[in-house]
Amino acid sequence: MFDLKFIRENPQDFDRALARRGEEAQSATILSMDADHRALLTEAQEAQARRNEASKLIGRAKGQGNEDEAQALMAEVSELKSKIAELEDKERTIGDALTTLLMSLPNALYDDVPEGADEDDNEEVRTWGTPRTFDFEPKEHFDLGEALGGMDFERAAKLSGSRFVILKGEVARLERALGQFMIDLHIREHGYTEVWTPALVREAALLGTGQLPKFGDDAFTTNTDHWLIPTSEVTLTNVHAGEILDEADLPIRMTAHSQCFRAEAGAAGRDTRGMIRQHQFEKVEMVSVTTPEQSDDELDRMTACAEEVLKRLELPYRLMKLCSGDVGFGARRTFDLEVWLPGQGKYREISSCSTCGDFQARRMKTRCRQRGEKQTRFVHTLNGSGLAVGRTLIAVMENYQEADGTIRVPHVLQPYMGGLQVIGTGA
RNA sequence: GGAGUCGUGGCCGAGUGGUUUAAGGCGCACGCCUGGAAAGCGUGUUGGGUGGCAACGCCCUCGAGGGUUCGAAUCCCUCCGACUCCGCCA
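What comes next concerns the included structure. (Residues numbered from 1 in each chain as written. Chains lettered and ligands numbered in written order. Predicted model: local features only at pLDDT ≥ 70, side-chain atom pairs only at ≥ 80, totals over all residues. Heavy atoms only, no water.)

This paragraph deals with the packing of aromatic side chains. In the structure shown here, the tally under the stated rule is seven aromatic pairs. Between Phe329 and Phe359, the aromatic rings sit 5.6 Å apart at their centres with planes inclined by 80°, giving edge-to-face as the arrangement. Of this pair, Phe329 sits in the loop between strand 10 (317-321) and strand 11 (333-341) while Phe359 sits in helix 11 (residues 359-364), and the two are 30 residues apart along the sequence. Summarising the burial analysis for this pair, Phe329 and Phe359 share the class buried. The structure contains a cluster of three or more aromatic residues connected by ring pairs, namely Phe215, Phe329 and Phe359. A cation over an aromatic ring shows up here: Arg332 above the ring of Tyr110, its NZ or CZ 4.2 Å from the ring centre. (Phe/Tyr/Trp six-rings, centres within 6.5 Å; stacked < 30°, edge-to-face > 60°. Helix = DSSP H or I, 4+ residues; strand = E, 2+ residues; numbered from the N terminus. Buried < 20%, exposed > 50% of the residue type's maximum accessible area, 1.4 Å probe, protein only. Lys NZ or Arg CZ within 6 Å of the ring centre and 35° of its normal.)

Attention shifts here to the packing of helix 7 (residues 169-189) against helix 10 (residues 295-312). To describe two helices that pack against each other, one gives the angle between their axes and the distance between the axes. Axis separation between helix 7 and helix 10 bottoms out at 10 Å; the angle between their running directions is 125°. Relative to helix 10, the element helix 7 lies oblique. In this structure, helix 7 meets helix 10 at a crossing whose hand is right-handed. Here Phe181, Met182, Leu185, His186 and Glu189 of helix 7 come into contact with helix 10, specifically with Cys305, Glu308, Val309 and Arg312. Residues that form the contact of helix 7 with helix 10 fall into these classes: five nonpolar, one polar and three charged. (Axes fitted to C-alpha atoms, helices over the stretch in contact; angles between N-to-C directions. Parallel < 35°, antiparallel > 145°, perpendicular 65-115°, else oblique. Left-handed = near helix turned anticlockwise from the far one by under 90°. Contact = heavy atoms within 4.5 Å. Nonpolar A, V, L, I, M, F, W, Y, C, P; charged D, E, K, R; others polar.)

In the vicinity of RNA strand B there are 25 residues, among which Gln48, Val77, Arg202, Arg369 and Thr376 approach most closely. At the protein interface, 74% of the atoms of RNA strand B within 4 Å belong to sugar or phosphate. In this structure, Arg38 approaches RNA strand B through a side-chain N or O atom, which is 3.1 Å from a phosphate oxygen. A distance of 3.5 Å separates a sugar or linking oxygen of RNA strand B from a polar side-chain atom of Thr42. For the surface near RNA strand B, the secondary-structure elements that each account for two or more residues are helix 3 (27-63), helix 4 (67-103) and strand 13 (367-369). (Near = heavy atom within 4 Å. Polar contact = N/O pair within 3.5 Å; in protein donor to acceptor, adjacent residues only side chain to side chain.)

Now for the sheet that holds strand 1 (residues 123-128). Reading across the sheet, the eight strands line up as 1-10-11-12-15-9-8-4 and stay open at both edges, with mixed pairing between neighbours. In this open sheet, the two edge strands, each paired with only one partner strand, are strand 1 and strand 4 (193-194). Inspection of the sheet shows strand 12 (residues 346-355) paired to strand 15 (residues 380-388) by three bridges, in the antiparallel sense. Bridge pairing in strand 15 places Thr355 opposite Leu382. Sheet strands touched by helix 10: strand 1, strand 8 (252-261), strand 9 (280-290), strand 10, strand 11, strand 12 and strand 15. Its angle to strand 15, the strand with the most contacts, is close to 5°. Lying on the sheet, helix 12 (residues 389-399) is in contact with strand 8, strand 9, strand 11, strand 12 and strand 15; it crosses strand 15 at an angle near 35°. (Pairing = 2+ DSSP bridges.)

Axis separation between helix 7 and helix 12 bottoms out at 9 Å; the angle between their running directions is 115°. Helix-helix and strand crossings are classified by hand; for helix 7 and helix 12 the assignment is right-handed. Residue-level inspection shows Val171, Leu174, Glu175, Leu178, Gly179 and Met182 of helix 7 in contact with helix 12, the latter providing Val389, Gly390, Thr392, Leu393, Val396 and Met397. The residue inventory of the contact of helix 7 with helix 12, partitioned by class, reads eight nonpolar, three polar and one charged.

Within the secondary structure, Asp218 sits in the loop between helix 8 (203-209) and strand 6 (227-228). Aside from chain neighbours lying at most four places away, what touches Asp218 is Arg262, Ala263, Glu264 and Ala265.

Across all of its chains, the model carries 27 salt bridges by this definition. Salt-bridge contacts for Arg277 lead to Asp271; the nearest nitrogen and oxygen are separated by 3.0 Å. When the shortest N-O distance is used, the salt bridge between Glu338 and Arg318 registers 2.7 Å. Within this pair, whereas Glu338 is found in strand 11, its partner Arg318 is found in strand 10, the two being separated by 20 residues in sequence. A cluster of three or more residues bridged by salt bridges with shared partners is formed by Asp112, Asp296, Lys321 and Arg333. (Salt bridge = Lys/Arg side-chain N within 4 Å of Asp/Glu carboxyl O.)

This is the structure we're talking about:
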């Protein structure tokens, strides 16, 4: 959410920021609403001040037994009362409208975010690793998985419909091993604290991170007014909502291995085969809460933490800097990691690391303060996948497949697989 | 799910409709005192919004939101949360 003071002082910059997002200029509308709102506030507050003063005088007059004066004052306050109610009502109406409008606007992009319409305009920052050369036609993960008896989309559909999967045997174990490996790496070597959170949240949490009010169609709800989290970014970032943090405690780095749920309402027909795009999947998420000064370095650090997972798994990838048309609603700058999938012959997104600046902090009112200082300011928040577990499973299967349909187990995962070196030998 | 108790500042805690300031304590910060410290004494100490060039004001905030009233921490309603007992349960 934007700072009204910033819009007042920099209306052109604000409109330019919206233009980069393909949004219409809003500063004139917002400033006019803001001016009306503040005028009403001032008027209402003046009336309240008079009412408060007169009410105190009533108390004093009654205490002194001066009934006539008390009656006169009560008549005055009674009149003020209806005026105040009217002013407050107007003030609230326009204030709510202003907040609703502000909550629906996307974050401003950093200047260095390249212009572009969609993912085709993203910039490649670097690549790592060399795609393996196969002396056979590499298969896609769903063919490998089904042949191994480790992936069952048909029976999953029987239970839950499309975009679900049942994993079995060594493939299921591989999925579990990947999640364990990732979170262990982040807590042992990258300084993150392991956190386990609810998967069901109230509306306020999704408003805080920015999924609501605009993108409710992408998430699942329950009959108890809960929402299923689309990512544990939601819970991790909201952990400190409404708090004032000591800057000495920042950055706070949290990681969680969670189930994620997405309705995929806008993705009809895309990635319908296999595990690329599921309604339910696992993800290891990293979230950092920082001071405004720390967030730029923290994004590079977080991205490196995600890259390290792919390096340890020896999976070729490329690092992309997202263009203006592809950066998400709440982010100011985003790096995507795309892993090489030999079966598809393409790089596919496997991680997304973003800084949100104070955009989310403002929504959820997370502040920080230097010890001894009086002034508070909003923290910066960052989130990144480290990594999407299901997609990493796909990447391992496709990159480590052999001609006979077996899958070699990456070295770093073997301890998590009881020493197993190859999946599918039937042993 | 049923029955009940409760929610006050960084923390503890008083406060059942007013008598200009949410008592008091703890903690914290600063100052005085001291050779230095402790103790003691004094001052300050929620967070937001808004008016003003400023000095300096004002409004809101006692879990949240409504309501009653001239006036609400206090009375009423809804919600959230904690706790106790019962029921159920991994």
